[in-house]
Amino acid sequence: MNKLIISIYLFFSLVITFSIYKDYGISWDEGMQRSTARINFNYVFRGDQELKSWIDQDYGVAFELPLYIIEKVFQWEDSENGELYVFLYRHLFTHIFYLFGGLVLYLLVSQLFQSKLYGVLSLFLYMLQPRIYGHSFVNTKDIPLMVGFIFCYYTLFKYYTKRTFTYAILLGLSSAVLINIRILGIVFPVIGISFLVLFDCIDNGLLQLKKEANKYAVIVLSTLIFTYAFWPVLWSNPIEKFIEIFINMSHFRHNTQELVFGEYIKAAHDQTYFFKWFFTTVPLGYLIFGIMGLLLFFYKVLKTKFNYLSVPKNRVIGLLFVFLLVPLSIIILKKSVLYNGWRQLFFIYPSFIIMMIYTFHYFKKTKIHLPLLIVFVLYLGTVIYNQVKLHPYQAVYFNELVSKEKDYLAKNFEFDYWGVSYKEAFEKLLRFDKSDSICIAVPEDVGVANLKILPLKNKKRLHYVNNIENPENLINADYFISHGYYYNKIMKQDNLLFEIRRYNSPVITIYKIK
């Protein structure tokens, strides 16, 4: 049955993937992420020392470096449409990695709850989160981190139930890869090993701890060795560099103001920032069932005076409960920098899925179990509708709690903060204006970056006018294109050529200047 479910999942998800991956534009961070991979590649294989002064050296490269190596092997950049092929390949590979995260989540849930039905349901919950799905093509920071956590959860579950040296090494390897995607991943081995030690002591005292000590040593050593081996920036001075990176990323240098509910705020100055985004961009039905699961699990633990945690699988659920709450608490209490919604915390979503599944598990032997499932499956239909309707801008999804009145979302939130809509805007403009030379002005670097994902013959027709802050330069442009509502307020609406809209708000707008 597992093979059949996995085969069906991979077949349909890959068919959809190859049908749509070319529709997504380039996001803000993609260029810098690729540059980080290139600089690490040159350091490792060519001895180039630029890495030591690179501003983004504190980003891990466990995902980016293999991505760049594959790009170099196939020499896509050297072809006529090199930049186009490079970014299409990056989108495809990133999404396929995300799909494999769903596969591992299915294995975890179906084994943890001993239910193929719940495993399949977890797949739907994973694939049908519009915000995350939209990111899964263009976000090579937060999507790999989320998938990395899923792999770590599964290897921890397998180690805890099997207790073999093979799974101990795999647990160390997955932990190291997670840390090397983003240093925040250090919370996993710290909490995970503490969990193992705690319950071994509870079960059999120090005797059990001594018995398992050699396996714990393997986990710790393999984590340290693989982290060092996979992260080139650590090679010269691992301890000092690791501490420096940890401090830098704890209070990240980017702390910009963001538009949330009509106000410009900094996340580090607003402890409700995460909740404002989470409770408006997770489907309402998911919120209800996820919060129910959290409360029901907590209730069950307290009702049984913690005896409920004597069962190994309940302990793993409890650990995932901890992985949902502890990182969130740390980030809020330390006032760590968040921006662009809650994407830096996407990694807590798999734990939230587990809590949703737990709600159904809790009522499994009651009469309301089947009605709950039926109602929830029907609700999933509405999420599918939204996900399809928003394509390829699933990342602008807002749930039922937020108004969809005309222009409301664009006026009150960072809408297409990734800037991926520039690609479609350029394509529409090129179809509208048949000129051989078209001068365009865009207010942000991400607009210029999206020229790279156009075929060379189209790219040559578009000419970028720099520095749109200067009105004289804007006059030199034929068209002005912006995905921010700010410019919609200052531009003459008589010049409006066309908009791309979702939820009755403009995702991106093109103005004809002359």
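The structure under discussion appears in the preceding block.
Presented here is an overview of the structure given in this document. These figures come from a predicted structure and were not determined experimentally.

Rules of the game
Residues numbered from 1 in each chain as written. Predicted model: local features only at pLDDT ≥ 70, side-chain atom pairs only at ≥ 80, totals over all residues. Heavy atoms only, no water. Helix = DSSP H or I, 4+ residues; strand = E, 2+ residues; numbered from the N terminus. Rg over C-alpha atoms; globule rule 2.2 N^0.38 Å. Buried < 20%, exposed > 50% of the residue type's maximum accessible area, 1.4 Å probe, protein only. Contact = heavy atoms within 4.5 Å. Areas by Shrake-Rupley, 256 points an atom, 1.4 Å probe, with all protein chains shown as cover. Lys, Arg positive; Asp, Glu negative; His and termini not counted. Charge placed at Lys NZ, Arg CZ, Asp CG, Glu CD. Phe/Tyr/Trp six-rings, centres within 6.5 Å; stacked < 30°, edge-to-face > 60°. Expected span 1.5 Å × (residues − 1). Pairing = 2+ DSSP bridges. Core = buried A, V, L, I, M, F, W, Y, C linked by side-chain atoms within 4.5 Å. Salt bridge = Lys/Arg side-chain N within 4 Å of Asp/Glu carboxyl O. Axes fitted to C-alpha atoms, helices over the stretch in contact; angles between N-to-C directions. Parallel < 35°, antiparallel > 145°, perpendicular 65-115°, else oblique. Left-handed = near helix turned anticlockwise from the far one by under 90°. Patch = residues over 30% accessible without salt bridge, like charges linked within 9 Å, V, L, I, M, F, W, Y side chains within 5 Å. Nonpolar A, V, L, I, M, F, W, Y, C, P; charged D, E, K, R; others polar.

## Digging into the overall build of the chain
Assigned secondary structure in the chain consists of 21 helices and seven strands. Relative to its length of 514 residues, the chain is compact, with a C-alpha radius of gyration of 24 Å against a globular reference of 24 Å. Principal axes of the C-alpha set define a box for the chain whose edges measure 80 × 60 × 45 Å. Within the chain, the fraction of its 514 residues that count as buried is 56%. Relative to all contacts within the chain whose residues are 6 or more apart in sequence, the contacts with residues 24 or more apart total 75%. For the chain, the exposed area adds up to about 22,500 Å²; of that, 64% sits on carbon and sulfur atoms. Charge separation in the chain, taken as the distance between the mean sites of 52 positive and 38 negative side-chain charges, equals 11 Å.

## Let's talk about the side chain of Asn42
By secondary structure assignment, the location of Asn42 is in helix α2 (residues 30–46). Owing to a relative accessible area of 11%, Asn42 belongs among the buried residues under this scheme. In contact with Asn42, other than residues within four places in its own chain, are Gly47 and Asp48.

## Re the packing of aromatic side chains
Considering all chains together, one arrives at 55 aromatic pairs under this definition. Summarising the aromatic geometry, the rings of Phe195 and Phe199 are spaced 5.2 Å apart at their centres and angled 70° between planes, so their arrangement reads as edge-to-face. Of this pair, Phe195 and Phe199 both sit in helix α9 (residues 187–230), four residues apart, which is roughly one turn of that helix. Like Phe199, Phe195 is buried. With a centroid separation of 6.5 Å and an interplanar angle of 40°, the aromatic rings of Phe376 and Tyr379 are classed as tilted. Of this pair, Phe376 and Tyr379 are both found in helix α15 (residues 369–390), three residues apart, which corresponds to roughly one turn of the helix. For the pair shown, Phe376 and Tyr379 are each scored as buried.

## Some remarks on α2
Over its 17 residues, α2 extends 23 Å from the first C-alpha to the last, a length consistent with the 24 Å expected when each residue adds 1.5 Å. Of all the positions in α2, only Glu30, Gln33, Arg34, Ser35, Thr36, Ala37, Ile39, Asn40, Phe41, Asn42 and Tyr43 are classed as buried. Structurally, α2 contributes buried residues whose contacts are with α3 (64–74) and α4 (82–112). Of the residues trailing α2, Gly47 is marked for its positive phi of about 75°.

## Description of the environment of Trp342
Within the secondary structure layout, Trp342 lies in the loop between α13 (312–333) and α14 (349–362). The class of Trp342 is buried, set by a relative accessible area of 2%. On a C-alpha basis, the gap between Trp342 and Leu103 in space is 24 Å, while along the polypeptide they are 239 residues apart. Excluding its chain neighbours within four sequence positions, the residues that come into contact with Trp342 are Gln129, Ile132, Phe274, Trp277, Phe278, Thr281, Val282, Ile348 and Tyr349.

## What to know about the pairing of strand β7 (residues 505–512)
When you tally the buried positions in β7, you get seven out of eight residues, the bulk of the element. Here strand β5 (residues 479–482) pairs with β7 via four bridges, running antiparallel. Of the residues in β7, the one forming a bridge with Ile481 is Ile510. Pairing analysis gives six bridges linking strand β6 (residues 496–502) to β7, with the strands arranged antiparallel.

## With respect to the nonpolar core
Generally speaking, a soluble globular protein has its nonpolar side chains buried in company with each other. Ranked by size, the top nonpolar core spans 142 residues in total, and within it Leu125, Tyr286, Trp342 and Ile481 carry the most contacts. Considering every element that reaches this core, the biggest residue donor is α4, with 15 residues. Residue contacts for Leu125: discarding those within four places in its chain leaves Tyr286, Tyr349, Ile353, Met356, Ile357, Phe376 and Leu380. With 14 residues, the next largest nonpolar core counts Ile39, Ile245, Met249 and Tyr339 among its residues.

## Concerning the pattern of salt bridges
A complete count under the given rule lists 18 salt bridges for this structure. Residue Asp142 pairs with Arg182 through a salt bridge whose shortest N-O separation is 2.9 Å. In this pair, Asp142 sits in helix α7 (residues 142–162) while Arg182 sits in the loop between α8 (165–181) and α9, placing the two residues 40 residues apart along the sequence. A salt bridge links Arg163 to Glu212; the nearest nitrogen and oxygen atoms lie 3.5 Å apart. On the criterion of sequence distance, the pair formed by Arg163 in the loop between α7 and α8 and Glu212 in helix α9 is long-range, its members being 49 residues apart. Comparing Arg163 with Glu212, the two get one shared label, buried. The structure contains a network of salt bridges with shared partners spanning Asp29, Lys141, Asp142, Arg182 and Arg343.

## Structural notes on the packing of α8 against α9
α9 packs onto α8 with a crossing angle of 50° between their chain directions and a minimal axis gap of 7 Å. The pairing of α8 with α9 is recorded here as oblique in orientation. By crossing handedness, the relation of α8 to α9 is classed as right-handed. Where α8 abuts α9, its residues Phe165, Ala168, Ile169, Leu171, Gly172, Leu173, Ser175, Ala176, Val177, Leu178, Ile179 and Asn180 lie against Phe188, Pro189, Leu196, Asn214, Lys215, Val218, Ile219, Ser222, Thr223, Phe226, Thr227 and Phe230.

## A look at a nonpolar patch on the surface
Judged by side-chain polarity, Met1, Leu4, Ile8, Phe11, Phe12 and Val15 come together as a nonpolar surface patch covering roughly 650 Å² of accessible area. Within the secondary structure layout, Phe11 lies in helix α1 (residues 2–20).

## Side note on the packing of α1 against helix α5 (residues 116–127)
Their axes nearest at 11 Å, the elements α1 and α5 cross at an angle of 15°. When the axes of α1 and α5 are compared, the pair comes out roughly parallel. Judged by the sense of rotation from one axis to the other, the crossing of α1 with α5 is right-handed. Here Asn2, Ile5, Tyr9 and Ser13 of α1 come into contact with α5, specifically with Lys116, Val120, Leu123 and Met127. Partitioning the contact of α1 with α5 into residue classes produces five nonpolar, two polar and one charged.

## Description of the environment of Trp277
Looking at where Trp277 falls in the secondary structure, it is placed in helix α11 (residues 273–281). Judged by relative accessible area, Trp277 falls into the buried class, the value being 0%. In this structure, the C-alpha to C-alpha distance between Trp277 and Phe261, residues 16 residues apart in sequence, is 9.6 Å. Those residues in contact with Trp277 that sit more than four places away from it in its chain are Arg131, Leu259, Val260, Gly341, Trp342, Phe398, Phe413 and Glu414.

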